[in-house]
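Each chain, letter by letter, is given below.
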Amino acid sequence: MTQTIAPRVRILVLLFLAVTGALLAGAAPVSAHAALTGSDPRQGAVVDKAPAQVSLTFSEPVAVSDDALRVLDPKGERVDKGDPAGTSGTTYTVQLLGGLPDGTYTVTYQVVSADSHPVAGAFTFSVGAPSETSVEASAQSPDDGLIGSLYSAGRYLSYAGFVVMVGGAAFVLACWRRGSGVRAVQRLVVSGWLTLTASTLALLLLRGSYTSSGKIGDVFDLTLLSEVLQTKTGAALVSRLLLLAAAALFIAVLFGAAQEQRNDEEKRDLSFGLAIGGTVVAAGLASSWALSEHASQGLQPGLAMPVDVVHLLAVAAWLGGLTALLVALHRAPADTAVDTAAVQRFSRLAFGSVVALVVTGIYQSWRQLGSWSAFTDTRYGQLLLAKIGLVVVMVGIAYASRRWTARLAEPGAPVTLREEQKETAAAVSATKGGAGQESAGATTGTGKGEAGTEKAAAASASVSAASASASASADTEREKSAAVTGPAEVRSKESGAGAKTGAKTGGDSARAAQLARQRAAVATAREKRLRDADPNRFGLRRSVLAEAGIAVVLLAITTVLTQTEPGRTEQEAARAASSSSVPSSPSFAQGTGAVTLNMPFDTGGKDGKGVVTVDLSPARVGGNDLHVYVERTDGKAFDVPELKVALTLSAKDIGPLPVVPDRIATGHMSASGVQIPVAGDWTVEVTVRTSDIDQVTVSKNAQIG
């Protein structure tokens, strides 16, 4: 009626890989949590004389290294000098060499945001007039390559290990104390500890390359490792490793206590101590994330960090406990099967965890989004909606599990009276065979099936009784012989009889021990079969398995959320960039620009056809606002993975001037302060990428100025 757990585990693993791959494939190229909100000179600006320095302003404080800010001339040579310096809380400057000639200069930056994520980008400005440049005004973040993928995998594994370890231990301690002696549950919790420890060490080694070069060869660079240890994230990872040492001691005591005999009072005292110590260690581990991730920056960090700790603990108690329950239902021995009371206790624990998740989740959503529009207009909001939907589905399945729990039969109870009577009759029939069936019992001790083995066990009992009777008769005869023939003759006879009896008794004992083991195995198998035949327990298994499958997807989305720029930050950065640009009209709709260009495109791949519309206003020399709209052939707006704009004035050998617009809404991107140095017939080129390999460039000419 049931299947083994191995195929189901494979299904869950494949489900996780598919969902994580889809999420990471659709992720933005750079998922930073700090954004560039302004610069001096501004992006695309044309200045009369070379500035003495370049300043960059971010939406939050960032960490800068010696090479964090670089300025390159048209030939790709560096023209900055000295190390970057912070002039205010979020503004950083780098000095330039004197006497710079006219031309287009490229500014590249690579910093680390306060919530531990790398931020990279580039833009251009011109001195005198724009010129050709050999530098591409784009920057690849270290988290785009192999190191970024490994770091993301390490994040997921660390969350998964924490959930399994903490949730499994909580399930044993709060719901099913007998589970501390179940080997499958022990392996589950220990595997969670090993996964969290290994992934934390990996993250510590990968961190230096992840925030700097992105090269696999720098993973074991001791200089980078020493720099990482001096950062907030490095300190959090080291603290996590120290707490994992305490967690190892907690796990050893939790499962070691199952081997010791204690009275009820000692068990209560031990459980209370383990509950206090385990809660402290689990809260400390959760704090290692809260102190270095989203909660440590932004609005109300003093309140957000403890709320984040509670949120993580609730996730672990619910999802980790669910995993432990799934393992217990499938792998617990028949004599220690999880009982109805344990399932009901976990049901109450899960309900409390869900309540805590809802309360803390509402606060975190408000803090990270800030507006209703951010739910649909930002990637963070869209992922959060998907997470909320999955939680709702899980709660619905959990309600079904509660119904199965209410009808759950006690483990080991017979399913029908007919089965019990049938097996009792088989045992009685075997017993009637008596000592005369000794040889048959010996040959059928490894018989085919349950009834044959039980008959053999009954025959063994009869043989033992016969042996005892024979021994008593022999003793009586020896006493009579001693009285008639004397001690010497009796000793001779005793010696021969003793040798025969000893050999026979030794064989009977070995055979009886073998049959006893077989009988115990049959009894255990019968008990498990009767337990598994309970339709209510079978229904509970299926519903818990469904919950676990959704939990795998939910954890994958949570991991991606931690690497995605919060909606509040994204919208504030867009507003700051707009306010720092050249003033424009208060409202701007598609087709209202002074110059409007409609360009159909076809990248050749799936969903590769559409129309890109470019609006430029006021389309004159100086600062301009550029808006780009992307629509399908049916007129519906949609987002593309990448879109670039370039402006070229071939008549005066100016350009291409690159423009990278920012996303405003679905299918709508804009760039402010786009500088047009001279009037003329400009070529507007738009490069659209709809997949990893499908890309096309379309262009049109327009009179500007």
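Residues numbered from 1 in each chain as written. Predicted model: local features only at pLDDT ≥ 70, side-chain atom pairs only at ≥ 80, totals over all residues. Heavy atoms only, no water.

1. Comments concerning the overall build of the protein
Convention followed: Numbering of helices and strands runs from the N terminus, with a helix taken as a DSSP run of H or I at least four residues long and a strand as a DSSP run of E at least two residues long. Any residue under 20% of the maximum accessible area for its type is buried, any over 50% is exposed, and the rest in between are partly exposed; the area is computed with a 1.4 Å probe on protein chains only. In this analysis, two residues are considered to be in contact whenever any of their non-hydrogen atoms come within 4.5 Å of each other.
What the protein contains, in helices and strands, is 16 helices and 18 strands. When each of the 705 residues of the protein is scored for burial, the buried share is 46%. Long-range pairs, those at least 24 residues apart, make up 72% of the contacts in the protein between residues at least 6 apart in sequence.

2. Let's talk about the nonpolar core
In plain terms, the rule: In these notes, a set of buried Ala, Val, Leu, Ile, Met, Phe, Trp, Tyr and Cys residues joined through side-chain atoms within 4.5 Å is what counts as a nonpolar core.
Formed by 81 residues in total, the largest nonpolar core has its most connected members in F162, M165 and W176. Discounting residues that sit within four places of it in the chain, F162 has contacts with G167, L196, A282, L285, A286, W289, L312, L313 and A316. Counting 31 residues, the second-largest nonpolar core is a separate cluster that includes M599, V614, V630 and L643.

3. Quick notes on the pairing of strand β18 (residues 695–704)
Filter applied, for reference: Two strands are counted as paired when DSSP detects at least two bridges linking them.
Looking at chain direction, strand β17 (residues 680–689) and β18 are connected through 10 bridges and run antiparallel. By the bridge assignment for β18, V688 is matched with V696. Taking the residues between adjacent antiparallel strands as the criterion, β17 and β18 are bridged by five residues.

4. Description of the pattern of salt bridges
A side chain of one charge can pair with a side chain of the opposite charge when the charged atoms of the two come close. This is how it is decided: The salt bridge criterion pairs a side-chain nitrogen of Lys or Arg with a carboxyl oxygen of Asp or Glu, the two atoms within 4 Å.
All chains considered together, the criterion is met by five salt bridges. The partner of D80 in a salt bridge is R78, and the shortest N-O contact between them spans 2.7 Å. On the basis of relative accessibility, which here comes to 10%, the residue D80 falls in the buried class. Classification of R78 by relative accessible area gives partly exposed; the value is 35%. A salt bridge links R689 to E642, with the shortest nitrogen-to-oxygen separation between them at 3.0 Å. Pair noted here: R689 is in strand β17 and E642 is in strand β13 (residues 642–649), with a separation of 47 residues, a long-range link. The partly exposed category is assigned to E642, whose relative accessible area is 28%. Within the structure, one salt-bridge network assembled from shared partners comprises E642, K644, R689 and D692.

5. A few points about the sheet that holds strand β16 (residues 668–676)
How we decide: Here, axes are lines fitted to C-alpha atoms. For helices the fit covers the stretch in contact, and angles between N-to-C directions go from 0 to 180 degrees.
With respect to topology, five strands assemble into an open sheet ordered β10-β11-β12-β16-β15, the strand pairing being antiparallel. What marks the edges here is a single partner per strand, and that holds for β10 (595–602) and β15 (662–665). Taken pair by pair, the neighbouring strands of this sheet meet at an average axis angle of 25°, ignoring direction. Relative to strand β11 (residues 609–617), β10 runs antiparallel, the two sharing eight bridges.

6. Some points on the packing of aromatic side chains
What characterises a pair of aromatic rings is the spacing of the ring centres plus the angle enclosed by the ring planes. Our working rule: Pairing of aromatic side chains requires ring centres within 6.5 Å, counting the rings of Phe and Tyr and the six-membered ring of Trp. Pairs whose planes differ by under 30 degrees are stacked, by over 60 edge-to-face, and all others tilted.
The final tally for this structure, using the stated rule, is 10 aromatic pairs. Between the aromatic rings of F162 and W289, the centroid separation amounts to 5.2 Å while the plane-to-plane angle is 65°, which identifies the pairing as edge-to-face. Pair noted here: F162 is in helix α2 (residues 146–174) and W289 is in helix α6 (residues 264–290), with a separation of 127 residues, a long-range link. Ring pairs connect the aromatic residues F58, Y92 and Y109, which therefore count as one cluster.

7. Things to note about unusual backbone geometry
Residues D40 and P41 are joined by a peptide bond in cis, for which omega reads 5°. Mapped onto the elements, P41 comes out in the loop between β1 (36–40) and β2 (46–47). Looking along the chain, the bond that leaves S617 and enters P618 is cis, with omega of 5°. Residue position: P618 is located in the loop between β11 and β12 (622–631). The phi torsion at A619 lies on the positive side, around 60°, for a residue other than glycine. Tracing the chain through its elements places A619 in the loop between β11 and β12.

8. Here's the deal with the confidence of the model for the protein
Defined as follows: Within a predicted model, pLDDT stands for the predictor's per-residue confidence, ranging from 0 to 100.
Here the protein shows a mean pLDDT of 74. Residues at 70 or above account for 71%. Counting contacts from residues 11–32, a segment whose pLDDT is below 50, to residues more than four positions away or on other chains yields 34 contacts. Confidence drops under a pLDDT of 50 for residues 409–495, and excluding neighbours within four residues, the segment shows 79 contacts in the predicted structure.

9. Let's talk about the side chain of S199
Where we set the bar: Two N or O atoms form a polar contact when they lie within 3.5 Å of each other; inside protein one atom must be a possible hydrogen donor and the other a possible acceptor, and for residues adjacent in sequence the pair counts only when both atoms belong to side chains.
Structurally, S199 can be placed in helix α3 (residues 183–210). Classification of S199 as buried rests on a relative accessible area of 5%. A polar side-chain atom of S199 sits 3.5 Å from the main-chain amide nitrogen of S158. Each residue touching S199, except ones within four places of it in the same chain, is listed here: G154, L157 and S158.

10. A look at α6
Stated formally: What a helix is expected to span follows from its residue count: subtract one and scale by 1.5 Å.
Between its first and last C-alpha, α6 extends 38 Å over 27 residues, near the 39 Å set by a 1.5 Å rise per residue. Listed as buried for α6 are L270, L274, G278, V281, A282, G284, L285, A286, S288, W289 and A290.

11. Focus on the packing of α3 against helix α4 (residues 222–229)
The condition that has to hold: An angle below 35 degrees is read as roughly parallel, one above 145 as roughly antiparallel, one from 65 to 115 as roughly perpendicular, and any other as oblique. Residue polarity follows a fixed list, in which Ala, Val, Leu, Ile, Met, Phe, Trp, Tyr, Cys and Pro are nonpolar, Asp, Glu, Lys and Arg are charged, and the others, Gly among them, are polar.
Packing of α3 against α4 leaves a shortest axis separation of 8 Å and a crossing angle of 100°. By the criterion of interaxial angle, the relationship of α3 to α4 is roughly perpendicular. Within the contact between the two elements, α3 uses L204, R207, G208 and S209 and α4 uses L224, L225, V228 and L229. The residue makeup of the contact of α3 with α4, split by class, is five nonpolar, two polar and one charged.

12. Description of the environment of R207
Mapped onto the secondary structure, R207 falls in helix α3. Under the relative-accessibility criterion, R207 is labelled buried at 4%. Once the C-alpha coordinates of R207 and G234 are considered, the two residues, 27 residues apart in sequence, prove to be 8.0 Å apart. The residues contacting R207, other than those within four sequence positions of it, are V112, S116, H117, Y151, V228 and T233. Within polar-contact distance, the side chain of R207 engages the side chain of Y151 at 3.1 Å.

13. What about the pairing of β11?
In this structure, the hairpin formed by β10 and β11 is closed by a connection of six residues, where G604 is found at a positive phi of approximately 90°. Relative to β12, β11 runs antiparallel, the two being bridged by seven bridges. Of the residues in β12, the one forming a bridge with T613 is Y629. Turn length for the β11-β12 hairpin, with the two strands adjacent in sequence and antiparallel, is four residues, and the turn residue A619 shows positive phi of about 60°.

14. Things to note about a nonpolar patch on the surface
For clarity, the threshold we go by: Each patch is built from salt-bridge-free residues with over 30% relative accessible area, joining like charges within 9 Å and nonpolar side chains (Val, Leu, Ile, Met, Phe, Trp, Tyr) within 5 Å. Computed with the Shrake-Rupley method and a 1.4 Å probe, the accessible areas treat only the protein chains shown as cover for residues.
On the surface, L146, L150 and I216 cluster together to form a nonpolar patch covering roughly 280 Å² of accessible area. Looking at where I216 falls in the secondary structure, it is placed in the loop between α3 and α4.

15. What to know about the sheet that holds strand β7 (residues 91–96)
Pairing is antiparallel in the open sheet, where four strands are placed in the order β1-β3-β7-β6. Only two strands of the sheet have a single neighbouring strand rather than two, namely β1 and β6 (80–86). For this sheet, the mean inter-axis angle between neighbouring strands, taken without regard to orientation, is 15°. Across four bridges, β1 lies against strand β3 (residues 53–58) in antiparallel orientation. Looking across to β3, one finds that G38 is bridged to T57.

16. Structural notes on the packing of α3 against helix α7 (residues 301–331)
We count it as follows: Handedness of a crossing follows from how the near helix is turned relative to the far one, being left-handed for an anticlockwise turn of less than a right angle and right-handed for a clockwise one.
The interhelical angle for the contact between α3 and α7, taken along N-to-C directions, is 150°, at an axis separation of 9 Å. With respect to their mutual orientation, α3 and α7 come out roughly antiparallel. Here α3 runs over α7; the crossing is right-handed. Judged by residue contacts, A184, V185 and L188 of α3 engage T323, A324, V327 and R331 from α7.

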